[in-house]
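For reference, the chains in residue letters:
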Amino acid sequence: MEKEDLNGNLESITSEKFVFSEDETKYLNSWTNLSMQILEAEHSLKFALKFNEVEPFDKFEDFVLAHGMFKNSILSYAKCFSSSGKGKVSLDANNVFKMDVELRKIHDALMDMRNGYIAHNGNSDFELAIVLQKKIDNEMTLSQTITFKTPVGDYEKFFQLFDHCTNYIVEKVNHKVDKLESKLGLKIKFN
């Protein structure tokens, strides 16, 4: 990667004499991606909660923001557990939730929501499209509507799930860094 390809964030780090990792530390990149996905899931859900505070929505745009942030939260979270490309890691729910059956149930429900509603157009309880009709004499008037169910009451459970995954990722990174310190004979710290 050339210096001119760097955005402002990377420019500031490389100007502080940081260089791209060429040794085993570069393999922590995947864990950084996972951390960012969980962080995005958490912050998107916070925005969804904030936008959902005004009901009914004053404008359609408010609904789009609230619902879009909710869906982005679920997609970002689920991405951590999806198959990954070469050199990348993903989380395995069997390992992440090995000691917490309740969080595993929440995870499974969230993944079902992602697979059956958010990422695909399956049958779900989260949206209901209805065509209403009114007949008067020889004329019929149709009215189309759709309603969405956003599980705002479950958001707190989702936040617990995100926290659990964050802690799991931190533990994994710390374990990997401990091994790297031994292998490289260096003390590793984070900026």
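The rules behind the values
Each chain carries its own residue numbering, running from 1 in the written order of its sequence. Whole-chain, interface and lining totals are the exception, using all residues; otherwise, since this is a predicted model, local features are given only for residues with pLDDT of at least 70 and side-chain atom pairs are given and counted only at 80 or more. Just so you know, side-chain values use all the structure's heavy atoms and leave hydrogens and water out. Elements are defined by DSSP. Helices are runs of H or I of four residues or more, strands are runs of E of two residues or more, and each kind is numbered from the N terminus. In this setup the radius of gyration rests on C-alpha atoms only. A globule is expected at 2.2 Å times the number of residues raised to 0.38. Excluding any residue in a salt bridge, patches collect residues exceeding 30% relative accessible area, merging like charges within 9 Å and nonpolar Val, Leu, Ile, Met, Phe, Trp and Tyr side chains within 5 Å. To be clear on the numbers: accessible area is Shrake-Rupley with a 1.4 Å probe, and residue cover counts the displayed protein chains and nothing else. Put simply, a salt bridge is a Lys or Arg side-chain nitrogen that is within 4 Å of an Asp or Glu carboxyl oxygen. The convention is simple: Lys and Arg are positive, Asp and Glu are negative, and His and the chain ends are not counted. Where a charge sits is defined by one atom per residue type, namely NZ (Lys), CZ (Arg), CG (Asp) or CD (Glu). Each residue gets one of three labels from its accessible area relative to the maximum for its type: buried under 20%, exposed over 50%, partly exposed in between, using a 1.4 Å probe on protein chains only. For helices, the axis comes from a line fit to the C-alpha atoms of the stretch in contact; other axes are also lines fit to C-alpha atoms, and the angle between any two N-to-C directions lies between 0 and 180 degrees. To sort the angles, those under 35 degrees are grouped as roughly parallel, those over 145 as roughly antiparallel, those from 65 to 115 as roughly perpendicular, and the leftovers as oblique. Crossing handedness is defined as follows: a turn of the near helix away from the far one that is anticlockwise and smaller than a right angle gives a left-handed crossing, while the clockwise case is right-handed. Note on definitions: a residue-residue contact is assigned when non-hydrogen atoms from the two residues lie within 4.5 Å.

1. What about the overall build of the protein chain?
Argument step 1. Helices and strands together make up the secondary structure of the protein chain, namely six helices and two strands.
Argument step 2. In sequence order, the protein chain lays out its α and β elements as α-α-α-α-α-β-β-α.
Argument step 3. A compact globule built from 191 residues would reach a C-alpha radius of gyration of about 16 Å, whereas the protein chain, at 22 Å, exceeds it by more than 25%.
Argument step 4. In terms of principal-axis extent, the alpha carbons of the protein chain reach across some 85 × 45 × 30 Å.

2. Considerations on a positive patch on the surface
Argument step 1. Together, Lys98, Lys172, Lys176 and Lys179 line one region of the surface with positive charge.
Argument step 2. As for its placement among the helices and strands, lysine 172 is situated in helix α6 (residues 155-184).
Argument step 3. A residue is classified by how much of its surface remains accessible, and lysine 172, at 31% relative accessible area, is partly exposed.

3. Details of the packing of helix α2 (residues 29-51) against helix α3 (residues 60-79)
Argument step 1. With their axes 7 Å apart at the nearest point, α2 and α3 run at an angle of 155 degrees to one another. In terms of orientation, α2 lies roughly antiparallel with respect to α3. Once α2 is placed against α3, the crossing between them reads as left-handed. Contacts from Gln37, Ile38, Glu40, Ala41, Ser44, Leu45, Phe47, Ala48 and Phe51 in α2 reach Asp62, Leu65, Ala66, Met69, Phe70, Asn72, Ser73, Ser76, Tyr77 and Lys79 in α3.

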